[in-house]
Amino acid sequence: MAPPLRPVTAGHPGRGGAGALRAGSLLRPGGLLRYVPALTLSLFLAPIAAGLVGTWLPAFGWLPALGGQSFGLSAWRALFAAPELPGAVALTLGTGILATVLSFALAVGFCAACHGTRSFAWLRHVLAPLLAVPHAAVAIGLAFLVAPSGWIARLLSPWATGWETPPDLAVVRDPYGLSLVLGLVLKETPYLLLMSLGALGQVQAERAVAVARALGYGPATAWLKAVLPQIYPQIRLPLYAVLAFSLSVVDVALVLGPGTPPPLAPLLLRWFNDPDLTMRFQAAAGAGLQLVLVAAAIALWAGGERLVGRLARPWLSSGGRGGAGESLARRVIGGVTAGLIGAAALCLAGLAVWSVADRWRYPDPLPTTWTLGNWQRHVEALAWPAWTTLMVGLAAAAVATALVLGCLENEQRHGLRPSARGLWLLYAPLMVPQVSFLFGAQVLLVRLGLDGTWPALVWSHLLFVLPYVFLSLADPYRALDERYVRTALCLGASPARVFWRVKLPMLLRPVLVAFAIGFAVSVSLYLPTLFAGGGRYATLTTEAVSLAAGADRRVVGVYAFLQAMLPLLAFAAALALPAALRRRRPRRAMRRGSGSEGAG
Amino acid sequence: MSGGALRLCKVSLRLGPRLLLPPLSLTVRAGEVVTVTGPSGCGKSSLLAYLCGTLDPAFRASGRVFVGAVDVTGLPPERRRIGILFQDDLLFPHLTVGENLAFGLPAAVRRGRDRRERVEATLAEAGLAGFAHRDPATLSGGQRARVALLRMLLSEPAALLLDEPFSKLDPALRAKFRQTVFDHVRRRALPTLLVTHDPADAEAAGGRVVAFGHAPADDPAAGPATEGKAGGPVAVIRPAPLPRRS
């Protein structure tokens, strides 16, 4: 799995002398298709580069629009003098690294403990919906779940806790950021699991385990020793992305993280929004620091990888086959994962219940009266953010899908090989913290007169949508049996016709799933909407997050539940549409006759 | 279907520094089936890919290919009029049997009714009347193989490449399908190259045999050989094998 964004190892046609020809006549100038990779790269890397520059310049005092006309270190001095900074940095590093370590351990632990079991097969089906739910919705649902007045406390009260009124405990937004860590783990573990499943398909994991087990290894030990070292290189970049995300997340931190001080990224947002415009310089320096922190954490992780790799090497061949402890460990890990998935489901259920709750006294486990009034009262207020969410999501996902299809088709027509470097480029927007370049990108948009416009909003979403669409579509696209294409070409179909009539229909399902993933990513974006929307556009995510700070749970439930449902509906449509088309086909063929289909 | 030959002029293949096939010259006459044999990985399938214009760019190839009088070397695959059948039938799963066939039919047959009739007639001729609306997945292996052959023939190729198309069929079916394919080849006078591992295929083909390998090219029965160096890869052209039963 790697992207073809650059023609790295293109064939070298025509080296064979006078009689030689271009190796493979598939090599044809593909018209506009040729320019798609370059266009794609510039569309999503140029704003990041420009955004970084546009953030670092003010960090060193240069922002003429706000009177910054000379370079200096005053912004950095102000940053390091800020009383919240040490606490914010410590909290950021602590929560970000802990969340990543826990998510990784759980994902690997679950694979090791449960591969080849029925629950493993079942997991494949629940992962996509789990991933589709936006971070903010899960965070809000989790807050509803674990707060002293939340569902868990209600289920245990008063018989177990003795609480007749919610106790004054800072469970949500606790000063150590533990609920923030839990919220991140709930979302990042499924992501890493999905990436691991993808990697497993490429390394013949089942055979490796079978061989190890035939040599007497327990199932979990067999997996850890024979499979994990093979797949780790493939989940490395996703892991770095998780680390970068956890270290710089804003929306989840606003809902679940402590406020005094908050982690660095929400603190920076606060500074960027400060009425005192000179705070922008300090905030820009902070954005620079955020980037440095993420880079340092990734470097630290990479160093840790090597160290663990070296230390674990003797263990791989030590002959230890995993003994009595293994079955207990497997049960514990299985239980924890099941608990996590259950908690995520409860988060969603909690949003749904609150959105239709009328009277719900503490400590009743369920509302005593139910109502649709919450929805009716807010339907007008909901309409505009929901419309914006839908349109931006559809537009960003459509543009991303078209660009990715163009890149992949260009790659195949020109026989390019995916490269590791391309993959790094693809992951760039996922590893560079959003807050560290969005301000600069906003400055750029203002200069172009584009800030607060639809194109700017869609473009800013595209940066984050595109990598996910690519990662989702690249494997199935490259895995399509190439002989179908050859057969169609040898039947006289042009490459364009082969693309439209053979490849797209055969890949309809993965294309739609990639589209749905892109849509889900767009729905979940918080910071890009704030910065590129220039305050003019509210989405369900921005509304839900700002409401979560203190509004009635019924209202928050309405917004967050709808936010969670949109991506799920997109997924359902992506899965249902190809099936519906397939069911329709025999009738259509009967009606129009078989032969007419080939006219062309 | 002009009855022209398929002519290879000093066709050679390289993969990186490795020479797969030293320059091979061969003329496959109209209606003749020339068999290509050799160990796995020696470049047989790559040769076919080169001939039909779909060779992976990782390979370097040289030499010219003629279909009849036309030099097709620089042409894109869809304009070469070289049909190919693979080990798998590769019917498009999203199209019905009839739509698969219509996909092969040239666009010159314009009217929907004409196209439909051609497809129906082709199916009826092959004993598959009434199959037009069927999903390819509901067909037996033998039926699918026949549909793949019909689809390819409907595209009116001027030459044929067969990449082990019989190897996945069970033995009884294989002989029958092979006979069907060869009957079509002879009736339409198509020059045909057949890649196979099965000596019975070569025998049934009844044409010359091109053997890829590393043996020194001193076979007295061999015709013009490739210009390989001793010890390197060579392709030896032998006369048709004698049938086991006369």
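Residues numbered from 1 in each chain as written. Chains lettered and ligands numbered in written order. Predicted model: local features only at pLDDT ≥ 70, side-chain atom pairs only at ≥ 80, totals over all residues.

**Student:** Quick one: what's the story with the overall build of chain B, residue by residue and with numbers?
**Tutor:** Regarding its fold elements, chain B presents six helices and ten strands. With 246 residues in all, chain B has 51% of them scored as buried. Of the contacts formed within chain B by residues at least 6 apart in sequence, a portion of 69% connects residues at least 24 apart. (Helix = DSSP H or I, 4+ residues; strand = E, 2+ residues; numbered from the N terminus. Buried ≥ 20, exposed ≤ 12 C-beta atoms within 10 Å, placed from the backbone. Contact = placed C-beta atoms within 7 Å.)

**Student:** I'd like a description of the domain arrangement of chain A, backed by residues and values.
**Tutor:** All names here are of chain A. Along its sequence, chain A is organised into domain 1 (31-72 + 373-582) and domain 2 (75-371). Using C-alpha coordinates to define each centre, domain 1 is positioned 23 Å away from domain 2. Of the residues lining the interface, 44 residues belong to domain 1; the matching set on domain 2 comes to 47 residues. Breaking the side of domain 1 that touches domain 2 down by element, the ones donating at least two residues are helix H1 (36-59), helix H15 (373-413), helix H16 (420-431), helix H21 (508-524), helix H23 (540-548) and helix H24 (553-592). Looking at the side of domain 1 that touches domain 2 element by element, the count peaks at twelve residues for H24. In the side of domain 1 that touches domain 2, the residues fall into 30 nonpolar, eleven polar and three charged. (Domains from an automatic or database assignment. Nonpolar A, V, L, I, M, F, W, Y, C, P; charged D, E, K, R; others polar.)

**Student:** Which residues make up the confidence of the model for chain B, and what values do they have?
**Tutor:** Residues and elements named next belong to chain B. Across chain B, the average pLDDT comes to 86, with 89% of residues at 70 or higher. By mean pLDDT, strand E10 (residues 234-238) is the weakest element of chain B at 81, and strand E8 (residues 192-195) is the strongest at 95. Overall fold confidence (pTM) sits at 0.83, and the ipTM for the predicted complex is 0.77. (pLDDT = per-residue confidence, 0-100.)

**Student:** Outline the packing of helix H8 (residues 205-214) of chain A against helix H9 (residues 219-226) of chain A, supporting the account with residue identities and numerical values.
**Tutor:** All names here are of chain A. Put simply, H8 and H9 touch, their axes get as near as 9 Å, and they point 120° apart. Here H8 lies oblique to H9, going by the angle between them. Handedness of the crossing formed by H8 with H9: right-handed. Taken together, the residues of H9 that come into contact with H8 (itself represented by Ala208, Val209, Val211, Ala212 and Arg213) are Pro219, Ala222, Trp223, Lys225 and Ala226. Its residues assigned to classes, the contact of H8 with H9 comprises eight nonpolar, no polar and two charged. (Axes fitted to C-alpha atoms, helices over the stretch in contact; angles between N-to-C directions. Parallel < 35°, antiparallel > 145°, perpendicular 65-115°, else oblique. Left-handed = near helix turned anticlockwise from the far one by under 90°.)

**Student:** Give a description of the pairing of strand E6 (residues 82-85) of chain B that names residues and reports values.
**Tutor:** All names here are of chain B. Here E6 shows a buried face lined by Ile82 and Ile84 and a second buried face lined by Gly83 and Leu85. In this structure, E6 lies alongside strand E7 (residues 159-163), joined through four bridges in parallel fashion. Looking across to E7, one finds that Gly83 is bridged to Leu160. (Pairing = 2+ DSSP bridges.)

**Student:** Run through the domain arrangement of chain B, naming residues and quoting values.
**Tutor:** Under the domain assignment used here, chain B contains domain 1 (6-81 + 157-238) and domain 2 (93-140 + 150-156). For domain 1 of chain B and domain 2 of chain B, the distance between their C-alpha centroids amounts to 28 Å.

**Student:** Residues and numbers for the confidence of the model for chain A, please.
**Tutor:** All names here are of chain A. Chain-level statistics for chain A give a pLDDT mean of 86 and a share of 92% at 70 or above. Segment residues 1-29: pLDDT under 50, and 95 contacts once partners within four positions in sequence are set aside and those in other chains are kept. For the stretch residues 587-600, pLDDT sits under 50, and the model shows 40 contacts to residues farther than four places along the chain or on other chains.

**Student:** Which residues make up the sheet that holds E8(B), and what values do they have?
**Tutor:** All names here are of chain B. As summarised here, the arrangement of the six strands in space is E6-E7-E8-E3-E9-E10, forming an open sheet in which the pairing is mixed. Where the open sheet ends on each side, the last strands, each with one partner, are E6 and E10. Sheet twist, expressed as the mean angle between neighbouring strand axes with direction ignored, is 20°. The sheet contact formed by strand E3 (residues 33-37) and E8 spans four bridges and is parallel. Across the sheet, residue Val36 finds its bridge partner in E8, namely Val195. The strands touched by helix H1 (residues 44-52) are E3, E6, E7, E8 and strand E9 (209-213); relative to E7, the strand with the most contacts, the crossing angle is about 150°.

**Student:** Explain the pairing of E9(B) to me, and be specific about the residues and the numbers.
**Tutor:** Residue and element names in this part refer to chain B. The element E9 is largely enclosed, with a buried count of four among its five residues. The sheet contact formed by E3 and E9 spans three bridges and is parallel. Considered in E9, the bridge of Thr35 is made with Val209. Relative to E10, E9 runs antiparallel, the two being bridged by five bridges. Pairing of Ala211 across the sheet is with Val236, part of E10.

**Student:** Could you give an account of the sheet that holds strand E1 (residues 6-15) of chain B, with specific residues and numbers?
**Tutor:** Residues and elements named next belong to chain B. Strand order in the open sheet made by the four strands is E2-E1-E4-E5, with antiparallel pairing throughout. A strand with exactly one partner marks an edge of an open sheet, and here the two such strands are strand E2 (18-28) and strand E5 (70-71). Sheet analysis places E1 next to E2, joined by seven bridges and oriented antiparallel. For Val11, the partnering residue across the bridge sits in E2 and is Leu24. Relative to E1, H1 is tilted by about 120°, and along the sheet it contacts E1, E2 and strand E4 (59-67).

**Student:** Please give an account of the nonpolar core that cites residues and values.
**Tutor:** The biggest cluster of nonpolar side chains holds 174 residues, and the ones touching the most others in it are A:Ile140, A:Ala143 and A:Val469. It is helix H18 (residues 454-479) of chain A that contributes the most residues to this core, 16 residues altogether. Counting residues domain by domain, this core receives three or more from each of domain 1 (31-72 + 373-582) and domain 2 (75-371) of chain A. If we skip the residues at most four places from it in the chain, A:Ala143 touches A:Val172, A:Val255, A:Leu256 and A:Ala548. Counting residues in each nonpolar core, the second largest holds 79 residues, with B:Ala49, B:Phe131, B:Leu150 and B:Phe182 among its members. (Core = buried A, V, L, I, M, F, W, Y, C linked by C-beta atoms within 7 Å.)

**Student:** Please provide a residue-by-residue account of unusual backbone geometry, values included.
**Tutor:** In the segment running from A:Thr260 into A:Pro261, the intervening peptide bond is cis, with an omega of -5°. With respect to the secondary-structure elements, A:Pro261 resides in the loop between helix H11 (251-256) and helix H12 (264-272). Residues A:Tyr362 and A:Pro363 are joined by a peptide bond in cis, for which omega reads -5°. Even without being glycine, B:Arg81 reaches a positive phi, approximately 60°. As for its position among the elements, B:Arg81 is in the loop between E5 and E6.

**Student:** An account of helix H2 (residues 97-104) of chain B is requested, with residue identities and associated values reported.
**Tutor:** H2(B) sits mainly inside the fold: eight of its eight residues count as buried. Within the sequence span of H2(B), burial applies to B:Val97, B:Gly98, B:Glu99, B:Asn100, B:Leu101, B:Ala102, B:Phe103 and B:Gly104.

**Student:** Could you give an account of the environment of A:Tyr176, with specific residues and numbers?
**Tutor:** Structurally, A:Tyr176 can be placed in the loop between helix H6 (151-156) and helix H7 (178-200). A:Tyr176 sits 141 residues away from A:Ser317 along the chain, and the two C-alpha atoms are 40 Å apart.

**Student:** Can you break down helix H3 (residues 112-125) of chain B residue by residue, with the values?
**Tutor:** Residue and element names in this part refer to chain B. With 14 residues, H3 extends 20 Å between its outermost C-alpha atoms, agreeing within 8% with the 20 Å of an ideal straight helix rising 1.5 Å per residue. Restricting attention to buried positions, one finds in H3 the residues Arg115, Arg116, Val119, Glu120, Thr122 and Leu123. Along H3, the residues classed as buried sweep out an arc of 160° about the axis, all on the same side. Seen from the buried face of H3, the exposed residues on the opposite side, beyond 90 degrees, are Arg113, Ala121 and Glu125. Where H3 is buried, its residues touch H2 and helix H4 (141-154). One or two residues past the end of H3 sits Gly127, with phi positive at roughly 75°. (Expected span 1.5 Å × (residues − 1). Arc of directions from axis to C-beta.)

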